[in-house]
Amino acid sequence: MDIANLMYVVGAVLILPAILFSLFAQFRVMSSFNNFGQIMSAKGITGAQLARQLLDQNGCSHVGLELSRGHLSDHYDPRTRTVRLSQEVYHTPSLAALGVAAHEVGHAIQHQQKYAPLMLRMLVIRSTSLINRMLTPLIFISLIASLFVTADTIMGMPAQDFWFFLVIGLCVLFTISFVINLITLPTEYNASKRARELLRTGNYLFDEQEYAAVAKVLNAAALTYVAALLVSMAQMLRFLGLLLMMNRNRR
């Protein structure tokens with residue numbers, strides 16, 4: 001089996017398990033957050049209060065703190081240097097809320113300290129944002145074009161050329177997605193590590209039982225980034241293999 005066929009087969013075999021793992025990771029996140037979102041911290045500090053204190057204590061007093069719309073829409077915006085927390089995190093003194101808030105503060109501290117993977121991720125996303133936005137239209141075009149798979153021409157172009165250039169586009173986009181997810185993984189794991197250290201050293205949690213609960217929430221969230229990396233890798237391999245096979249047949 002040559003490299004083209006191997007890449008295609010590996011990608012095709014991996015895609016379903018990767019998607020199933022992604023669904024499992026999403027379930028774990030929701031389950032962990034719902035579970036520990038019902039358990040209030042003994043010290044009664046809300047996610048917003050914790051985030052503000054951690055930011056001010058770690059040289060990030062200039063970083064804004066805002067309420068974000070949507071369920072679990074928590075994130076750090078490096079463009080505006082703002083931590084945005086969802087309502088269930090912002091206003092709630094739950095163990096899950098403290099873990100999420102500390103994690104997002106971890107990203108702000110990464111930015112303040114110019115943590116290399118975060119800076120690289122920002123550069124890649126800024127450089128490829130326009131190209132990455134083309135992924136959905138390209139997939140939509142490929143679905144529509146599949147209705148005319150037996151046609152000699154598609155959109156005024158010879159069918160063979162049309163499919164070849166479409167696969168090139170998908171290869172580029174899935175490769176970009178893979179690179180972004182590859183850079184994101186250490187960034188997210190490091191933010192969770194920082195969150196655990198901030199909570200432990202700052203004495204924000206009552207006991208080891210609360211610390212273990214927060215760690216479970218952070219670990220569950222980390223699985224989603226592993227899943228995203230696996231899905232993007234499977235898609236990239238599948239389309240790169242297909243592209244190589246199509247290019248060989250065009251010769």
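Just so it is clear, the structure is predicted and the values come from calculations on it, not from any experiment. (Residues numbered from 1 in each chain as written. Predicted model: local features only at pLDDT ≥ 70, side-chain atom pairs only at ≥ 80, totals over all residues. Heavy atoms only, no water.)

## Comments concerning the layout of surface pockets
Next, step 1: Its volume calculated, the largest pocket comes out at about 1100 Å³.
Next, step 2: Lining the largest pocket are 41 residues, and of these Asp-74, His-75, Arg-121, Glu-188 and Tyr-225 sit closest to its centre.
Next, step 3: When residues of the lining of the largest pocket are assigned to their parent elements, the largest contribution, nine residues, is made by helix α8 (residues 208–250).
Next, step 4: In the lining of the largest pocket, the residues fall into 21 nonpolar, 13 polar and seven charged. (1 Å grid on protein atoms, 1.4 Å probe; cavity = no way out; pocket = protein on both sides within 12 Å on 5 of 7 lines; lining within 4 Å. Points joined across faces, edges and corners; volume = space filled by probe spheres on them. Helix = DSSP H or I, 4+ residues; strand = E, 2+ residues; numbered from the N terminus. Nonpolar A, V, L, I, M, F, W, Y, C, P; charged D, E, K, R; others polar.)

## Observations regarding the packing of helix α2 (residues 47–57) against helix α4 (residues 95–112)
Next, step 1: Relative orientation of the contacting elements α2 and α4 amounts to 30°, with a least axis distance of 9 Å. One finds that α2 runs roughly parallel with respect to α4. For the crossing formed where α2 meets α4, the hand is right-handed. Within the contact between the two elements, α2 uses Gly-47, Leu-50, Ala-51, Leu-54 and Leu-55 and α4 uses Ala-97, Leu-98, Ala-101, Ala-102, Val-105 and Ala-108.
Next, step 2: Across the contact of α2 with α4, the residue classes break down as ten nonpolar, one polar and no charged. (Axes fitted to C-alpha atoms, helices over the stretch in contact; angles between N-to-C directions. Parallel < 35°, antiparallel > 145°, perpendicular 65-115°, else oblique. Left-handed = near helix turned anticlockwise from the far one by under 90°. Contact = heavy atoms within 4.5 Å.)

## Let's talk about the pattern of salt bridges
Next, step 1: Taken as a whole, this structure holds six salt bridges when the rule is applied.
Next, step 2: A salt bridge links Glu-208 to Arg-200, with the nearest nitrogen and oxygen atoms 2.8 Å apart.
Next, step 3: Under the relative-accessibility criterion, Arg-200 is labelled partly exposed at 42%.
Next, step 4: Through salt bridges with shared partners, a single network forms among Glu-66, Asp-77, Arg-79 and Arg-84. (Salt bridge = Lys/Arg side-chain N within 4 Å of Asp/Glu carboxyl O. Buried < 20%, exposed > 50% of the residue type's maximum accessible area, 1.4 Å probe, protein only.)

## Here's the deal with the packing of α4 against helix α7 (residues 159–201)
Next, step 1: Where α4 contacts α7, the two axes come as close as 7 Å, and the packing angle between them is 115°. In terms of their interaxial angle, α4 and α7 are classed as roughly perpendicular. Of the two possible hands of crossing, α4 and α7 adopt the one that is right-handed. Residues Leu-98, Gly-99, Ala-102, His-103, Val-105, Gly-106, His-107, Ile-109 and Gln-110 of α4 form the contact with α7, whose participating residues are Thr-187, Glu-188, Asn-190, Ala-191, Ser-192, Arg-194, Ala-195, Leu-198 and Leu-199.
Next, step 2: Partitioning the contact of α4 with α7 into residue classes produces eight nonpolar, eight polar and two charged.

## Examining the nonpolar core
Next, step 1: Judged by nonpolar contacts, the single largest core of 35 residues is most densely connected at Leu-50 and Val-83.
Next, step 2: Of all elements in the fold, only α1 (3–36), α2, β3 (82–86), α4, α7 and α8 reach the threshold of two or more residues within this core.
Next, step 3: Examining the composition of this core, we find that ten residues originate from one element, α4, more than from any other.
Next, step 4: Apart from residues lying up to four places away in sequence, Val-83 is in contact with Leu-55, Val-63, Gly-64, Leu-65, Glu-66, His-75, Tyr-76, Glu-104 and Ala-108.
Next, step 5: By size, the runner-up hydrophobic cluster in this structure holds 14 residues, among which are Phe-164, Leu-166, Cys-171 and Leu-229. (Core = buried A, V, L, I, M, F, W, Y, C linked by side-chain atoms within 4.5 Å.)

## Section: the packing of aromatic side chains
Next, step 1: Counted under the stated rule, the structure contains three aromatic pairs.
Next, step 2: With a centroid separation of 5.4 Å and 10° between ring planes, the pair formed by Phe-174 and Phe-239 is classed as stacked. Residue Phe-174 is located in helix α7, and its partner Phe-239 is located in helix α8; the two are separated by 65 residues in the primary sequence.
Next, step 3: Assessed through its relative accessible area of 8%, Phe-174 is described here as buried.
Next, step 4: Positioned above the aromatic ring of Tyr-115, the side-chain terminus of Arg-194 is 5.4 Å from the ring centre.
Next, step 5: A cation over a ring is seen here: Arg-200 above Tyr-211, with NZ or CZ 3.8 Å from the ring centre. (Phe/Tyr/Trp six-rings, centres within 6.5 Å; stacked < 30°, edge-to-face > 60°. Lys NZ or Arg CZ within 6 Å of the ring centre and 35° of its normal.)

## Observations regarding α2
Next, step 1: The complete set of buried residues in α2 reads Gly-47, Ala-48, Leu-50, Ala-51, Leu-54 and Leu-55. The buried residues of α2 occupy an angular sector of 160° when projected down its axis, which confines them to one face.
Next, step 2: Structurally, α2 contributes buried residues whose contacts are with β1 (64–68), β3, α3 (87–90), α4 and α7.
Next, step 3: Residue Gly-59 follows α2 closely and has a positive phi angle near 70°. (Arc of directions from axis to C-beta.)

## Thoughts on the confidence of the model for the chain
Next, step 1: The predicted model of the chain has a mean per-residue pLDDT of 88, with 87% of residues at 70 or higher.
Next, step 2: Per-element confidence in the chain ranges from a low mean pLDDT of 62 for helix α6 (residues 135–145) to a high of 97 for β3. (pLDDT = per-residue confidence, 0-100.)

## Looking at unusual backbone geometry
Next, step 1: Even without being glycine, Leu-72 reaches a positive phi, approximately 50°.
Next, step 2: Here Leu-72 shows up in the loop between β1 and β2 (75–77).
Next, step 3: Even without glycine at this site, Lys-114 takes up a positive phi of about 55°.

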